[in-house]
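# Descriptive structure summary
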Amino acid sequence: MAFEYFSAALEAVPPLRLAAAGGVLLAWAALCRHAWRRGHPLLPAAGEWTVVYASQTGTAAALAEESAALLGAPPPLPLDLLPLERLAGGGRFLFIVATAGEGEAPDNGRRFGARLDAWCAATRSSAGQVPLAAARYALLALGDDRYPGFCAFGEQLDLALQAAGARPWQAMLRVNRSDEASLQHWFAGLGAFIAAPQLTRQALATTAWRLQQRDHLNPGSSGGEVYRLCFVPAADGGGSNWPIWQSGDLARIELPGWGAPRDYSIASLPTDGSLQLLVRRQVDRHGRPGLASNFLCSELPLNGCVDWQIRPHAPFHLADNAQRPLLLIGNGVGLAGLLAHLKAARAAGSAEQWLVYGERCPQADDHAGRLLPAGEGVRIDRVFSRCPQAPAYVQQRLREAAGELQDWVARGAAIYVCGSRRGMGDGVEQVLRNVLGEALLTQLAQAGRYRRDVF
Ligand SMILES: Cc1cc2nc3c(=O)[nH]c(=O)nc-3n(C[C@H](O)[C@H](O)[C@H](O)COP(=O)(O)OP(=O)(O)OC[C@H]3O[C@@H](n4cnc5c(N)ncnc54)[C@H](O)[C@@H]3O)c2cc1C
Ligand SMILES: Cc1cc2nc3c(=O)[nH]c(=O)nc-3n(C[C@H](O)[C@H](O)[C@H](O)COP(=O)(O)O)c2cc1C
């Protein structure tokens, strides 16, 4: 109806006036577009994309891979390896960064702030320039709003980039607990830059697994109960259709009402014939059990089935360290990730492994003694914090072995740390810093020879 009325009215207008009106409309549209672009001066011009991530447990790394693949960009870089010359040279950058610890940077982004500060100081004093004036970026910050510093590292990075003159073409996007709607929003934003958007995202496969065996590893321990769980695929398809994973990867479980998924380090290799986990049943001081660990250790019956998602955890992979001497350091259920590395390294022909592993009590908590295959030719230093004769922590043992530690690193060793961040992870890092020196530890981290799976 309105359309018919409109066409009739148009027919009544003389053609010249119609052409003039059309011209005015076009000019107005051009003006609008110009004004819009002036209002959005930060939309990046065409050019090479650089995708950068800082990731502790692999989520940001995987999203960076996915973003780079969608844009046809080169493989993403960990933030600490991003050359500042490249950033200063201008272009389009995507930063996908998680927050770890207590509002801190993930391990592979911890050194960026200091590098940027030093670069800015040098550039400003030598040439009086705004160091990153040519860089345009978008930032995706991953976090969890149950932590006090929600997306704190993303915010720090955003501020640091802008202080150095880089300009975002859109506001930083915060993603709470991998919320799918926010992630879709991010990928839809990227779609605007692609001529033929193909925004079908590859979800990680979730497979049903059957609990085949559950062993209580530390009866009588004064710490939390630790169980080894062995799962086999629920659908009996033989070994041929098994999900493939590699040492360092994580298994993720999510059930309704939990609020967020929970990750567990995988202790086995596919060739072991089962997905093995070491799970500590968490109980707080009021006796309240943790949801996931209680479910796995107590509620799930033998032969019961659950869905696991196998998650690649690239920052903790063996990668090209497989044939180096390996120094594996950890405590408690952190043994899981180290066991998998030990098996994979031996299968790859690594000649030397040194496991430094801490638990509580020599009688009740000797997980390494129980789980390492007999006859394994690996050097094992076991320490027990509640050993009446010689109580010790992993970091103390490393300090005592400072000379050997230096020797192993000089011979090309790679260092893997798995277990609790507080206490063990931080303490070990302090000792490594003291014994090897800050510069060498930084070099090792940047070369992928110092990797952590701490939680
Ligand atoms: C990369 C990574 C690898 C990991 N690998 C392992 C591993 O190999 N093995 C392992 O055991 N764990 C591992 N974890 C830890 C694991 O993901 C879980 O965080 C852990 O099992 C606790 O989860 P939960 O659901 O049992 O506890 P939650 O339900 O999350 O509870 C956490 C704590 O709060 C207490 N609590 C319970 N109810 C309440 C309440 N109402 N109010 C306040 N507090 C409460 C619980 O007792 C518990 O101590 C890993 C974590 C990460 C990030
Ligand atoms: C041990 C640990 C500490 C965390 N600390 C924070 C934090 O301080 N602030 C925050 O917003 N998120 C925090 N998170 C949540 C992570 O940022 C979030 O799970 C993110 O998706 C992880 O990405 P990644 O797998 O790339 O490391 C923490 C997660 C873990 C496991």
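Okay, so let's go over this structure. In this text the structure is predicted, and so the values were computed from the model without any measurement. (Residues numbered from 1 in each chain as written. Chains lettered and ligands numbered in written order. Predicted model: local features only at pLDDT ≥ 70, side-chain atom pairs only at ≥ 80, totals over all residues. Heavy atoms only, no water.)

The environment of ligand 1 is made up of 21 residues, and the closest members are Arg262, Asp263, Tyr264, Arg288 and Ser293. Here an oxygen atom of ligand 1 sits 2.7 Å away from a polar atom, N or O, in the side chain of Tyr264. At a separation of 2.6 Å, an oxygen atom of ligand 1 approaches a polar side-chain atom of Ser293. Protein contacts shield 70% of the accessible area of ligand 1, which totals 980 Å² for the unbound molecule. (Near = heavy atom within 4 Å. Polar contact = N/O pair within 3.5 Å; in protein donor to acceptor, adjacent residues only side chain to side chain. Areas by Shrake-Rupley, 256 points an atom, 1.4 Å probe, with all protein chains shown as cover.)

Close to ligand 2 lie 19 residues; Ser55, Thr57, Thr59, Thr99 and Gly101 are nearest. Here an oxygen atom of ligand 2 and a backbone polar atom of Ala60 are 2.7 Å apart. One of the backbone nitrogen or oxygen atoms of Gly101 is found 2.7 Å away from a nitrogen atom of ligand 2. Considering ligand 2 on its own, with 640 Å² of exposed area, one finds that the protein chains cover 85% of that surface. Of all the secondary-structure elements, those providing two or more residues to the shell around ligand 2 are helix H3 (59-71) and strand E4 (135-143). Residues belonging to the shell around ligand 2 are distributed by class as follows: seven nonpolar, ten polar and two charged. (Helix = DSSP H or I, 4+ residues; strand = E, 2+ residues; numbered from the N terminus. Nonpolar A, V, L, I, M, F, W, Y, C, P; charged D, E, K, R; others polar.)

This paragraph deals with the pattern of salt bridges. This structure, assessed with the given rule, holds 26 salt bridges. In this structure, the salt-bridge partner of Arg421 is Glu104, at a minimum N-O distance of 3.5 Å. Of this pair, Arg421 sits in helix H13 (residues 421-436) while Glu104 is found in the loop between strand E3 (91-98) and helix H5 (112-127), placing the two residues 317 residues apart along the sequence. Its relative accessible area of 36% is what places Glu104 among the partly exposed residues. Residue Asp215 is joined to Arg228 by a salt bridge in which the shortest nitrogen-to-oxygen separation is 3.2 Å. With Asp215 in strand E7 (residues 206-216) and Arg228 in strand E8 (residues 226-233), this residue pair connects regions lying 13 residues apart in the sequence. Judged by relative accessible area, which is 22%, Arg228 ranks as partly exposed. One network of salt bridges, in which partners are shared, links Asp107, Arg110, Glu429, Arg433, Glu438 and Arg452. (Salt bridge = Lys/Arg side-chain N within 4 Å of Asp/Glu carboxyl O. Buried < 20%, exposed > 50% of the residue type's maximum accessible area, 1.4 Å probe, protein only.)

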